Amino acid sequence: MRAGRWTAAAGTMLAAWQGIARAAPQPETKLVVVLAIDQFSAELFQHYRASFTGGLKRLSDGIIFTGYQSHAATETCPGHSTILTGRHPAATGIVANTWFDVKSGSNVYCVAVRGTADADARGPQNLRVSTFGDWLKRAQPQARVVSISGKDRAAIMLGGHKADAVYWSNDGVGFTTSSYAGPATPAVTAPAAAFNKALFARWKAAPPQLWPTQIPASCQALEQPHTFGKLALSGKVPPEASRQVENGDFLHRTDFQDQLRVSPIFDPLTIDFADEAVDRLRLGRGPATDLLAISLSSTDYVGHRYGNGGAEMCVQMAALDQAIGRFFAKFDSLNVPYVVVLTADHGGTDAAERLSEHGVEAHRIDPAAFVKRLNDTLKAELGLNYEPIVGDDPQQLSINVGPDETLRARVRDATLAWLRQQPEVVAAYSSEQTAAAAPPPGKLADRLTVLERFHESYDKERSGDIQVQFSEYASIGMPRAPGDAVAGHGSPWDYDRRVPILFWWSGVTAEDRKEPVETVDIAPTLAVIAHVPTAEVDGKCLETVAGACR
Ligand SMILES: [Zn+2]
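Residues numbered from 1 in each chain as written. Predicted model: local features only at pLDDT ≥ 70, side-chain atom pairs only at ≥ 80, totals over all residues. Heavy atoms only, no water.

Q: Quick question: what am I supposed to make of the pairing of strand β2 (residues 63-68) here?
A: Here is the key point about a regular strand: its side chains alternate between the two faces of the sheet. Burial of β2 is extensive: 5 of the 6 residues sit out of reach of the surface. Judged from the 6 bridges that link them, β2 and strand β18 (residues 498-505) form a sheet pairing that is antiparallel. Note that in β18 the partner of Phe 65 across the bridge is Ile 501. Pairing of β2 with strand β19 (residues 511-512) involves 2 bridges; the strand directions are parallel. Pairing of Ile 63 across the sheet is with Glu 511, part of β19. Examined bridge by bridge, β2 and strand β20 (residues 517-518) share 2 bridges and lie parallel to one another. Note that in β20 the partner of Tyr 68 across the bridge is Glu 518. (Buried < 20%, exposed > 50% of the residue type's maximum accessible area, 1.4 Å probe, protein only. Helix = DSSP H or I, 4+ residues; strand = E, 2+ residues; numbered from the N terminus. Pairing = 2+ DSSP bridges.)

Shown next, in the form of structure tokens:
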């Protein structure tokens, strides 16, 4: 017995030692691949995990964390801004996709560029901190940093300030860049133009099939009709709206471009373009460690258009899995040591109506009607002849009354009092409350109060004046016509914050970790793997992944 116990203990120690020895990626990692899947919630990953056979299966056999985007403003631009900076949006300054600038009385898009007449100018001017790619370039000037996405804001937030090439897709154009996002020299733009030209020529000869006509039985079972808000959808794949867009001179028509983005062939296109960049730039085969960041957008487009609980998302998940699998096959063939991390910019949940069928108490909120009721109340109470509350997002309301501080305070107090009486509102906070609610250092992401989550995405100059938490599983939006969003994200609830964080490299030991980690932990972990110093970060290096943190 005694000897047996000793042996067992020694075996455990040996396993622990081997675990540490095997855990770290190869010291000479030549390529870091960062995949962000837009709106890929931890729940969505777990729901489809058993069905994956391609790239997502491989990543499922690596180190798996349930991660958090810790902040409340769970939108695309803020979420992407945390992944490679190691900072919360309160520090990145990217507090929303679009914020209301009270001084100018206008909306500011997160990657818009001030002081230029070029309407297509896009860049990281609003991003207040540096990224892992910037740290790489500083420490190893020969490192190449490339960022590619379906969306400009995703590519730019991942690329940072010093990228060698930043590409995104523009409707009717294909992959493109802007000189404000990175170099727009012929060496960068010509390959994109050639890729687009070849693609459009191929499609002109044979129109692309946006959705498969044969789908797996598991997806077929989800083909059910629903009425979301005021919009009735058949739930069939291919969706009706995608079927009639490929006639005539369809390639540059907006209806085709729209249906392309909301289809399972859009992410594979982004991956094909990234594949071409890997060859052209010989990524992973230079003297330094290179970074390839890719954000795949269609999971988000499909989630908004059809919800994430139907056949459309089922088909999208299968296509994404296969496309990432083909991409891995490419890296394997290069025979360079590479590390992959996959995460998401935010989570999401299904449309309220379908959640209700599954016994979840969920309601739909018409945001325009909600803000109008608020403004009508304020106008009557305060004797105003204009609408004092502005902003497209009812979760971040801005007060627009000019420089009169007394009036501003009266509007704020009346708004908070009204909000707290509404049955669909769980909590409402002023800027003053939000600014003062910094969580104590080291507090775990799953323990943050809702007010602390708001603090993590609060910026004095850019955030709204009043932060609102609506009821759990509320769908904010009123779909009326085909094309309208039926579901979304953006709340401080955990289903919008929880995202998978998956690490994989050749020889990794599979592990499902239980402790909550954050997307801000990714950049400091990659910095240790690539042997580069970080700038100031909010996150921490993950020992399980890096082996030993500095
Ligand atoms: Zn997003």
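Q: Explain the side chain of Asn 308 here, please?
A: Inspection of the secondary structure puts Asn 308 in the loop between α12 (298-306) and α13 (311-334). By relative accessible area, Asn 308 is classed as buried at 13%. Contacts of Asn 308, omitting those with residues within four sequence positions, involve Leu 44, Gly 303, Met 313, Gly 348, Thr 349, Asp 350 and Arg 354. (Contact = heavy atoms within 4.5 Å.)

Q: Help me understand the layout of surface pockets, please; the structure alone is not making it clear to me.
A: Once rolled over the atoms, a probe with the size of a water molecule shows which space is left empty. Approximately 680 Å³ is the volume found for the second largest pocket. Lining of the second largest pocket is provided by 26 residues; of these, Val 102, Lys 460, Glu 461, Arg 462 and Asp 465 occupy positions nearest its centre. Where the lining of the second largest pocket is concerned, the elements lending two or more residues are β3 (98-101), β4 (106-109), β14 (396-399), α16 (405-419) and α17 (431-435). Residue contributions to the lining of the second largest pocket peak at 4 residues, all from α16. A class-by-class count of the residues in the lining of the second largest pocket yields 8 nonpolar, 7 polar and 11 charged. (1 Å grid on protein atoms, 1.4 Å probe; cavity = no way out; pocket = protein on both sides within 12 Å on 5 of 7 lines; lining within 4 Å. Points joined across faces, edges and corners; volume = space filled by probe spheres on them. Nonpolar A, V, L, I, M, F, W, Y, C, P; charged D, E, K, R; others polar.)

Q: Please explain the coordination of the zinc ion as it appears in this structure.
A: Geometry reference: four tetrahedral donors at a metal, ideal angle 109.5 degrees. Six octahedral donors, ideal angles 90 or 180 degrees. The protein atoms donating to the zinc ion are Asp 38 (OD), Thr 76 (OG1), Asp 345 (OD) and His 346 (NE2), with metal-donor distances spanning 1.9 to 2.2 Å. Mapped onto the sequence, the donors of the zinc ion take the spacing D-x37-T-x268-D-H. Of the residues examined, Asp 345 reaches a relative accessible area of 0% and is grouped as buried. (Donors = N, O, S within 2.8 Å, 3.2 Å for Na, K, Ca; no water.)

Q: Got a minute to help me understand the packing of α12 against α13 in this structure?
A: Where α12 contacts α13, the axes come no closer than 10 Å and their chain directions differ by 175 degrees. Accordingly, the angle class assigned to the pair α12 and α13 is roughly antiparallel. Residue-level inspection shows Ser 298, Thr 299, Val 302, Gly 303 and Tyr 306 of α12 in contact with α13, the latter providing Glu 312, Met 313, Gln 316, Met 317 and Leu 320. For the contact of α12 with α13, the per-class residue count stands at 5 nonpolar, 4 polar and 1 charged. (Axes fitted to C-alpha atoms, helices over the stretch in contact; angles between N-to-C directions. Parallel < 35°, antiparallel > 145°, perpendicular 65-115°, else oblique.)

Q: Could you clarify how one ought to interpret the sheet that holds β14 in this entry?
A: The pairing of strands in a sheet comes from backbone hydrogen bonds and takes either a parallel or an antiparallel form. The antiparallel open sheet is built from 4 strands, whose spatial order is β13-β14-β16-β15. The open sheet has two edge strands with one neighbour each: β13 (389-390) and β15 (425-430). Note: β14 against strand β16 (residues 466-470), 2 bridges, orientation antiparallel. Looking at β16, one finds that Gln 396 is bridged to Gln 467.

Q: Looking at this structure, I do not really get helix α11 (residues 266-280). What am I missing?
A: Residues spaced three or four apart along an α-helix point in a common direction, a consequence of the helix completing one turn every 3.6 residues. The first and last C-alpha atoms of α11 sit 21 Å apart over 15 residues, in line with the 21 Å expected at 1.5 Å per residue. For α11, the full list of buried residues reads Phe 266, Asp 267, Pro 268, Leu 269, Thr 270, Ile 271, Phe 273, Ala 274, Asp 275, Ala 277 and Val 278. The positive-phi residue at the C-terminal boundary of α11 is Arg 282, with phi of around 50 degrees. (Expected span 1.5 Å × (residues − 1).)

Q: In this structure, what is going on with the nonpolar core? I would like to understand it.
A: Among the nonpolar cores identified, the biggest contains 125 residues, and Phe 132 and Phe 503 are the most heavily contacted of them. Ranked by residues supplied to this core, first place goes to α13 with 12 residues. Residues Val 411, Trp 418, Ala 428 and Ala 474 belong to the second largest nonpolar core, which totals 23 residues. (Core = buried A, V, L, I, M, F, W, Y, C linked by side-chain atoms within 4.5 Å.)

Q: Can you walk me through unusual backbone geometry in this structure?
A: Note on backbone geometry: most residues besides glycine have negative phi, and most peptide bonds are trans. Of the consecutive residues Val 237 and Pro 238, the connecting peptide bond is found in the cis state with omega at 0 degrees. Here Pro 238 is to be found in the loop between β9 (231-233) and α10 (254-261). Located in the positive-phi region is Asn 335, a residue other than glycine, with phi close to 60 degrees. The class of Asn 335 is exposed, set by a relative accessible area of 69%.

Q: Whenever I open this one, empty space enclosed by the protein confuses me. Can you help?
A: Under the definition given, this model contains 3 cavities of 30 Å³ or more. As a volume, the largest cavity reaches approximately 100 Å³. Elements with a minimum of two residues in the lining of the largest cavity: β6 (165-170), β7 (174-176), α8 (186-205), α10 and α11. Counting residues per element, the lining of the largest cavity draws most heavily on α8, which supplies 4 residues. The residue inventory of the lining of the largest cavity, partitioned by class, reads 7 nonpolar, 5 polar and 1 charged. The space that makes up the second largest cavity amounts to roughly 80 Å³. Around the second largest cavity, the lining residues are Ala 72, Ala 73, Glu 75, Asp 393, Gln 395, Gln 396, Phe 454, Ser 457, Gln 467, Val 468, Gly 490 and Pro 492. Of the residues in the lining of the second largest cavity, the class split is 5 nonpolar, 5 polar and 2 charged.

Q: How do you make sense of the state of the cysteines when you look at a structure like this?
A: As used in these notes, a disulfide is a covalent bond between sulfur atoms, one from each of two cysteines. Enumeration according to the criterion identifies 3 disulfides in this entry. Note that Cys 219 is cross-linked by a disulfide to Cys 314, the S-S spacing being 2.0 Å. Between Cys 219 and Cys 314, the S-S torsion sits near -75 degrees, and that sign places the bridge as left-handed. Of this pair, Cys 219 sits in helix α9 (residues 217-220) while Cys 314 is found in helix α13, placing the two residues 95 residues apart along the sequence. When sorted by exposure, Cys 219 lands in the same class as Cys 314, which is buried. There is a disulfide in this structure between Cys 541 and Cys 549, and the S-S distance comes to 2.0 Å. Taking the sign of the torsion about the S-S bond as the criterion, the disulfide between Cys 541 and Cys 549, at about -75 degrees, is left-handed. Exposure remark for Cys 541: the relative accessible area of 18% places this residue in the buried category. (Disulfide = S-S within 2.5 Å.)

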